[in-house]
Amino acid sequence: MGKTVTTYLIDGDPKGTQYSFISNKICQMFVIPRSNLAYLNEQEKLQKPAFYILIGEDEATKPQAYIGETENFKERVKDHDSKKAFWQKALVFVSKDEDMTKADVQYLEYRAIAEAKQSNSFVLNENKQIPKAPNLPEHQRDAMDEFFEDIKFLSSFIGCNIFDIVQPKKEHLFYAKGRRCDAKGYYNSAGFTVLKGSILAKNSVPSFGWKEKREKLIKEYATFENGNWIMNSDKTFSSPSTAADFCIGSSNNGWLVWKDMDNNTLDSVYRKQLG
């Protein structure tokens, strides 16, 4: 079923300050670059109870995040601005009705940290303590569960996959082998995702173009077990070829290297689907 998402670019910049919301829903997401915290002085909603995520992204490393809740984001972020160096933008979630309580946002924080740790797509080193679920009446807990689903949707809408948990049985899986690599993954609108449990080639061929970056990614996304590098979390790449290169440690045409259980190439399944 389709959804309508309204996004307003406050300063006209697609990468600048903006807010989004889903039609007929009360969840509103503000995206605020660290360079424009002055906007907090203008928006009263951000001086009310809120759930938030601070995000730091680096293409060469696993992205980092901090998940939190506050009764006044404008005041809370002053401390983060002075003490946390990693983050580049904040996702702040408030109720359009401005009726959320401290307990509500504490519950959202509890749900968010649990799912983000399960996803394992972001480093959460700054979230040292695991919060406990606050006591909410059943009807309010149900309302916050629905609110959290909207948080996950809006986060994904702007490309933040912090809560994405892959359900492989629902995906069309493809496999890559070569140079003792035994990897699996799937292709969708986000790119090609290499799945947890994939075995990677131990090293790169001498001619490989991004050897150092590959080694850095392996150390962040894989664990060395029984003589093999094994992915300990999922990793999405912008293209099937980049994903294949990472897994095999050499240059490849990912559209031909990735094959499903019936030996169909990714190319034959997706590129030729129009006939």
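Residues numbered from 1 in each chain as written. Predicted model: local features only at pLDDT ≥ 70, side-chain atom pairs only at ≥ 80, totals over all residues. Heavy atoms only, no water.

Here's the deal with helix H3 (residues 138-157)
Next up, step 1: Between its first and last C-alpha atoms H3 spans 29 Å; for 20 residues at 1.5 Å apiece the expected length is 28 Å, and the two agree.
Next up, step 2: Taken residue by residue, H3 has Met-144, Phe-147, Phe-148, Asp-150, Ile-151, Lys-152, Leu-154 and Ser-155 as its buried positions.
Next up, step 3: Where H3 is buried, its residues meet strand E1 (5-9), strand E2 (18-22), strand E3 (27-33), strand E4 (50-56), strand E6 (89-95) and helix H2 (102-119).
Next up, step 4: Directly after H3, the chain includes Gly-159, whose backbone phi takes a positive value near 90°. (Helix = DSSP H or I, 4+ residues; strand = E, 2+ residues; numbered from the N terminus. Expected span 1.5 Å × (residues − 1). Buried < 20%, exposed > 50% of the residue type's maximum accessible area, 1.4 Å probe, protein only. Contact = heavy atoms within 4.5 Å.)

Quick notes on the side chain of Ser-119
Next up, step 1: On the secondary structure map, Ser-119 appears in helix H2.
Next up, step 2: Residue Ser-119 is classed as buried on the basis of its relative accessible area of 7%.
Next up, step 3: Looking at Ser-119, its side chain comes within polar contact range of the main-chain oxygen of Ile-162, at 3.4 Å.
Next up, step 4: Only 2.7 Å separates the side chain of Ser-119 from the backbone oxygen of Asp-164, close enough to count as a polar contact.
Next up, step 5: With residues near it in sequence (within four places) discarded, Ser-119 still touches Asn-161, Ile-162, Phe-163, Asp-164 and Ile-165. (Polar contact = N/O pair within 3.5 Å; in protein donor to acceptor, adjacent residues only side chain to side chain.)

Focus on the sheet that holds E2
Next up, step 1: Spatially, six strands are ordered E1-E2-E3-E6-E4-E5 in an open sheet, and the strand pairing comes out antiparallel. Each of the sheet's edge strands pairs with one partner strand only, and the pair in question is E1 and strand E5 (64-70). This sheet shows a mean twist of 15° between the axes of neighbouring strands, independent of strand direction.
Next up, step 2: Here E1 runs beside E2; their pairing, made up of five bridges, is antiparallel. Within the sheet, the bridge partner assigned to Val-5 lies in E2 and is Ile-22.
Next up, step 3: Running at roughly 145° to E6, H3 makes contact with E1, E2, E3, E4 and E6 of the sheet. (Pairing = 2+ DSSP bridges. Axes fitted to C-alpha atoms, helices over the stretch in contact; angles between N-to-C directions.)

What to know about the pairing of E6
Next up, step 1: Buried residues dominate E6, accounting for six of its seven residues.
Next up, step 2: Bridge count for E3 against E6 is seven bridges, and the pairing is antiparallel. What sits directly across from Ile-32, in E6, is Ala-90.
Next up, step 3: Pairing geometry for E4 and E6, over five bridges, is antiparallel. Note that in E6 the partner of Tyr-52 across the bridge is Val-92.

Purely spatial values, then, with no claim about function.
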